[in-house]
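Reading the structure
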Amino acid sequence: MKIIRPELIRRPQQADILFIPAELTYQIFLLCYEHHPQTFPKTISQTCHVWREFVLTCPVLWSSIVFDETLIQAHVLNAYRTQLARSGEAPLVIHICGAAVQRPVIKTIRAISKLIIPHVSRWRSLEINCDVPHKAIRVFFDKLRDARAPLLEKLTIHQAVYSWDKDQKIKWRFKAFGGGTPKLRQLTLGRAKVDWQSNIFRVNALDHLTIRDGSLKNKDPIRIASSIRDVLAHAPGLQYISVKVDFGWGGAKATRGPLPLTPDPFTHSAVKTLDISMHRGTVTDYLLHSVCMPSLRNLEKCYAILPFTLHPILHFNPLPHLKEFRIHNRDEKLPLRQHERQALPFVLQSMKALQKLFFSSIDLTGSDSWLHELLIWCPSLTGLHFTRCEGVEKRALKEMVERRRQAKGPSLQQLAIVGGNGASDDFGRLVEEGEIINWIRLRVDRLLIG
């Protein structure tokens, strides 16, 4: 008869980790869940009986639902039903992938709708991948036209780069959630025509808005700008707004003309980023003329203002937090008007946070009276570019760099002077300018002369 020593007998459920207090176990599980919300609940529930019983009492650990398999198969459908049941009353994070919406497309999206739409009052986040067919998106959101999502904080319909041309032909207009989304903070809409009058834009909590609507390419820019202005008026907490008609961008065209009469400006204190690239920059012009944005930090990276916008910036929209500023003349052959020339230094003086400054095709004759003060006005300025600019005096640039050194400010990282009439025909003046350039070269991290 074989004798087994008692100390060698395996006693199940005796591991020290099982004696961790329930509150601490819950916090550990939450941290793991945040990193792997899709796989963690199933993995931990199959580890041991004790953990399985514990995790089944935590609805929040089952609240992230990723549809990445077709629901045509019965066992997949039952698995999602089980997860929904285990999520109890916890707010839901839902992600729909293209793999879940396969042929027959309508049948599979209706199966998903039947599962989750009854729980719309618990949705916290809804994300639709760019590979989900458009007709599936249309069928899904048409069922939500009058729905109310009281907990929804994030709604995303992704736009694919390769589908811009096709999406410009879409006539379906997004009109979901007519009942309201009072807690919505982040909204990204693609592959649909925008209904600017929708209640979804009239949310105090909204702070991040991204629109990808190819149909806007053929719309009146003033009407688009007026609609965006209306959104800003109804969303006082909006900090980021991006509206694009495609992924390409040719820059703000200098040929655009002055605006028609704009409404009286109002102040929007929250907006920090205005990323709008369409209609040559006219939409952004309109917003700068009609909305005072004291917290604005970032404009679309290729947008350049024209001289007619200097007046509103000077008088009611000074942009003290703007990081990058581009100014382009509407006609290389036309000088600045007298009031534009007078306004320019005062506009720059108000931009204390400016880091990069670009002048293009601007006649800066007479700028030597203020250019030497530029790096004092803008103590964070590290990049200064002059492209095809007349009247840029090298002596004024030298004095500008010297003033920054005397103030013990950061050195200028890049100074570029491309085109223009930088050189003089007089030999003595030419030698003097060469010496000045060499002096500047030693005190600027990167100097470009062309």
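Moving on to the packing of helix 5 (residues 105-116) against helix 6 (residues 134-142). For any two helices packed against each other, one specifies the inter-axial angle together with the distance between the axes. Look at helix 5 against helix 6: their axes get within 9 Å of each other, and the N-to-C directions meet at 35°. Regarding helix 5 and helix 6, the two cross each other, and that crossing is right-handed. Facing helix 5, whose interface residues are Val 105, Ile 106, Ile 109, Arg 110, Ser 113 and Ile 116, helix 6 presents Lys 135, Ala 136, Val 139 and Phe 140. Taken together, the residues of the contact of helix 5 with helix 6 break down into seven nonpolar, one polar and two charged.

Position of Ile 137 relative to the elements: it lies in helix 6. Sequence separation between Ile 137 and Phe 174 is 37 residues, and the spatial gap between their C-alpha atoms is 9.8 Å. Setting aside residues up to four positions removed in sequence, Ile 137 forms contacts with Ile 128, Val 132, Ile 157, Trp 172 and Arg 191.

One finds Trp 123, Phe 141 and Phe 177 to be the most contacted residues of the largest nonpolar core, which totals 120 residues. Residue contacts for Phe 141: discarding those within four places in its chain leaves Leu 126, Ile 128, Leu 155, Ile 157, Trp 172, Phe 174, Ala 176 and Phe 177. Residues Phe 29, Phe 40, Val 55 and Cys 58 belong to the second largest nonpolar core, which totals 10 residues.

Moving on, we get to the packing of helix 8 (residues 221-234) against helix 9 (residues 282-290). Look at helix 8 against helix 9: their axes get within 9 Å of each other, and the N-to-C directions meet at 45°. When the axes of helix 8 and helix 9 are compared, the pair comes out oblique. The two elements helix 8 and helix 9 meet at a crossing, and its hand is right-handed. Across the interface between the two elements, Pro 221, Ile 222, Ile 224, Ala 225, Ser 226, Ile 228, Arg 229 and Leu 232 of helix 8 pack against Thr 282, Val 283, Tyr 286, Leu 287 and Ser 290 of helix 9. Among the residues making up the contact of helix 8 with helix 9, the classes are represented as nine nonpolar, three polar and one charged.

Enumeration according to the criterion identifies 10 aromatic pairs in this entry. Pairing Phe 29 with Phe 40 gives two aromatic rings, centres 5.6 Å apart and planes at 70°, and the pair type is edge-to-face. Taken together, the residues span a long stretch of sequence, with Phe 29 in helix 1 (residues 22-35) and Phe 40 in helix 2 (residues 40-45) at a distance of 11 residues. Geometrically, the ring pair formed by Phe 359 and Phe 386 is stacked, given 5.3 Å between the ring centres and 5° between the ring planes. Of this pair, Phe 359 sits in strand 13 (residues 356-360) while Phe 386 sits in strand 14 (residues 383-387), and the two are 27 residues apart along the sequence. Across the pair, exposure class does not vary: Phe 359 and Phe 386 are buried alike.

Our focus in this paragraph is helix 4 (residues 74-86). Here helix 4 contains 13 residues, and its C-alpha end-to-end distance of 18 Å stays within 8% of the 18 Å for a straight helix at 1.5 Å per residue. Looking at the buried positions of helix 4, the neighbouring elements they touch are strand 1 (64-67), strand 2 (92-96) and helix 5. Remark: Gly 88 follows helix 4 within two positions and exhibits a positive phi of approximately 55°.

Thresholds applied
- Residues numbered from 1 in each chain as written.
- Predicted model: local features only at pLDDT ≥ 70, side-chain atom pairs only at ≥ 80, totals over all residues.
- Heavy atoms only, no water.
- Axes fitted to C-alpha atoms, helices over the stretch in contact; angles between N-to-C directions.
- Helix = DSSP H or I, 4+ residues; strand = E, 2+ residues; numbered from the N terminus.
- Left-handed = near helix turned anticlockwise from the far one by under 90°.
- Contact = heavy atoms within 4.5 Å.
- Nonpolar A, V, L, I, M, F, W, Y, C, P; charged D, E, K, R; others polar.
- Core = buried A, V, L, I, M, F, W, Y, C linked by side-chain atoms within 4.5 Å.
- Buried < 20%, exposed > 50% of the residue type's maximum accessible area, 1.4 Å probe, protein only.
- Parallel < 35°, antiparallel > 145°, perpendicular 65-115°, else oblique.
- Phe/Tyr/Trp six-rings, centres within 6.5 Å; stacked < 30°, edge-to-face > 60°.
- Expected span 1.5 Å × (residues − 1).

Limitation: the analysis is restricted to geometry and does not speak to function.
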